[in-house]
Amino acid sequence: MPNEARPGTGEQAKQHALAQLRQAILHGEMAPAQRLVENELAEQFGVTRASIRAALIDLEAQGLVERIRNRGSRVRVVTVEEAVAITECRMVLEGLCAAKAAVAASDEQLTVLADLGTAMTKAVDDGEPMTYSELNQELHSRIREFSGQRTAVELLERLNAQLVRHRFQLALRPGRPQHSLNEHLAMIETIRARDPQAAEAAVRAHLTSVIEALRD
């Protein structure tokens, strides 16, 4: 990236480092428990150590990084029990978003959801679990977007960011995409039917299944 796009100091530098680090963690490029060495990251992103330190403090507040006394920072390890607790919170918020989307989504937006369902079915039929996982995340994101419930969306973005490792593991578990496909299609069907209560129930059923899979 050109130097002018990577300011070395100030708030812009911190925001640049924050965005790059967050993306690397969310994409699985930085593994849980991986040490985050300020000098190395400063050189990698073309910013100062102070900018990296400020970015790590923000990531700690977001639940993505943990700072260990006298040992520096590392990518936070989210245990299975924490993942279950986070998913229980997601159940309430995503259920709310699905109910809102069933009422608020436009006909064009409902078509987007239907197209995602078709693409997810194809990914399962073709045996492409990572493609299915990406479409899965897009479906949930679209439902949140179409709900118009900005507060719930902001909370969910923070919660979901902490589940990266578990999401990848579930996506690669044999048979999991086939199992969850019908749950996602039910979510789409109930939202397209403009039935908020059924949409919320479909999301809760799906995330209950996710919790069971996490505990297996």
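In this text the structure is predicted, and so the values were computed from the model without any measurement.

A.B. asks: Tell me what's going on with the overall build of the chain, and back it up with residues and numbers.
C.D. replies: Per the secondary structure count, the chain includes 10 helices and three strands. For the chain, the C-alpha atoms occupy an extent of roughly 55 × 35 × 30 Å along the three principal directions. Evaluated residue by residue, the chain yields a buried proportion of 43% over its 216 residues. Within the chain, residue pairs in contact and separated by at least 24 positions form 75% of the contacts whose partners lie at least 6 positions apart. Total accessible area on the chain stands at roughly 11,300 Å², and carbon and sulfur atoms take up 49% of it. Computed over 26 positive and 30 negative side-chain charges, the separation of the two mean positions in the chain equals 7 Å.

A.B. asks: Describe in detail the side chain of Glu-94, supporting the description with residues and values.
C.D. replies: Note that Glu-94 resides in helix α4 (residues 80-104). The exposure class assigned to Glu-94 is buried, which follows from its relative accessible area of 4%. Setting aside residues up to four positions removed in sequence, Glu-94 forms contacts with His-140, Arg-144, Leu-156, Asn-160, Val-203 and Leu-207.

A.B. asks: Can you tell me about the nonpolar core, naming the residues and giving the values?
C.D. replies: Burial of nonpolar side chains together is a common tendency in soluble globular proteins. Of all hydrophobic cores here, the largest spans 39 residues; its most connected members are Leu-113, Leu-139, Ile-143 and Ile-191. Those elements that provide at least two residues to this core are α4, α5 (107-125), α6 (129-147), α7 (150-161), α9 (176-192) and α10 (196-215). Looking at which element gives the most residues to this core, the answer is α4, with nine residues. Here Ile-191 is in contact with Ala-98, Ala-101, Ala-102, Leu-110, Leu-113, Ile-143 and Ala-199, once residues within four sequence places are set aside.

A.B. asks: How would you explain the pairing of strand β3 (residues 72-75) if you had to name every residue and give the values?
C.D. replies: Every regular strand shows the same layout, with side chains that alternate between the two sheet faces. Pairing geometry for strand β1 (residues 35-36) and β3, over two bridges, is antiparallel. Looking at β3, one finds that Arg-35 is bridged to Arg-74. Across four bridges, the pairing between strand β2 (residues 65-68) and β3 is antiparallel. Bridge pairing in β3 places Glu-66 opposite Arg-74. The loop that links β2 with its antiparallel partner β3 comprises three residues; one of these, Asn-70, has a positive phi angle of about 65 degrees.

A.B. asks: How would you sum up helix α8 (residues 164-171)? Please name residues and give values.
C.D. replies: Since the α-helix turns once every 3.6 residues, residues separated by three or four places project in the same direction. Among the residues of α8, Val-164, His-166, Leu-170 and Ala-171 are the ones counted as buried. End-on view of α8: buried residues confined to an arc of 165 degrees, all on one side of the axis.

A.B. asks: Lay out the confidence of the model for the chain with the relevant residues and their values.
C.D. replies: On average, residues of the chain score 91 in pLDDT, and 96% of them reach the 70 mark or higher. Highest mean pLDDT in the chain belongs to α5 (98); lowest belongs to α8 (81).

A.B. asks: Explain the packing of α4 against α7 to me, and be specific about the residues and the numbers.
C.D. replies: The contact between α4 and α7 brings their axes to 10 Å, and the two run at 150 degrees. Classified by the interaxial angle, the pair formed by α4 and α7 is roughly antiparallel. Handedness of the crossing formed by α4 with α7: left-handed. Each of Ile-86, Cys-89, Arg-90, Leu-93, Glu-94, Leu-96 and Cys-97 in α4 lies in contact with α7, whose residues at this interface are Ala-152, Leu-155, Leu-156, Leu-159 and Asn-160.

A.B. asks: Which residues make up unusual backbone geometry, and what values do they have?
C.D. replies: Its identity as a non-glycine residue notwithstanding, Ala-33 has a phi of 75 degrees, on the positive side. In this fold, Ala-33 is placed in the loop between α1 (10-26) and β1. Positive phi outside glycine occurs at Arg-194, with the angle close to 55 degrees. By the element assignment, Arg-194 lies in the loop between α9 and α10.

A.B. asks: Run through the environment of Ala-17, naming residues and quoting values.
C.D. replies: In this fold, Ala-17 is placed in helix α1. For Ala-17, a relative accessible area of 0% puts it in the buried group. As for Ala-17 and His-166, which are separated by 149 residues in sequence, their C-alpha atoms are 25 Å apart. Look past the residues within four positions of Ala-17 in its chain and what remains in contact with it is Val-47, Ile-52 and Ala-55.

Basis of the calculations
Residues numbered from 1 in each chain as written. Predicted model: local features only at pLDDT ≥ 70, side-chain atom pairs only at ≥ 80, totals over all residues. Heavy atoms only, no water. Helix = DSSP H or I, 4+ residues; strand = E, 2+ residues; numbered from the N terminus. Buried < 20%, exposed > 50% of the residue type's maximum accessible area, 1.4 Å probe, protein only. Contact = heavy atoms within 4.5 Å. Areas by Shrake-Rupley, 256 points an atom, 1.4 Å probe, with all protein chains shown as cover. Lys, Arg positive; Asp, Glu negative; His and termini not counted. Charge placed at Lys NZ, Arg CZ, Asp CG, Glu CD. Core = buried A, V, L, I, M, F, W, Y, C linked by side-chain atoms within 4.5 Å. Pairing = 2+ DSSP bridges. Arc of directions from axis to C-beta. pLDDT = per-residue confidence, 0-100. Axes fitted to C-alpha atoms, helices over the stretch in contact; angles between N-to-C directions. Parallel < 35°, antiparallel > 145°, perpendicular 65-115°, else oblique. Left-handed = near helix turned anticlockwise from the far one by under 90°.

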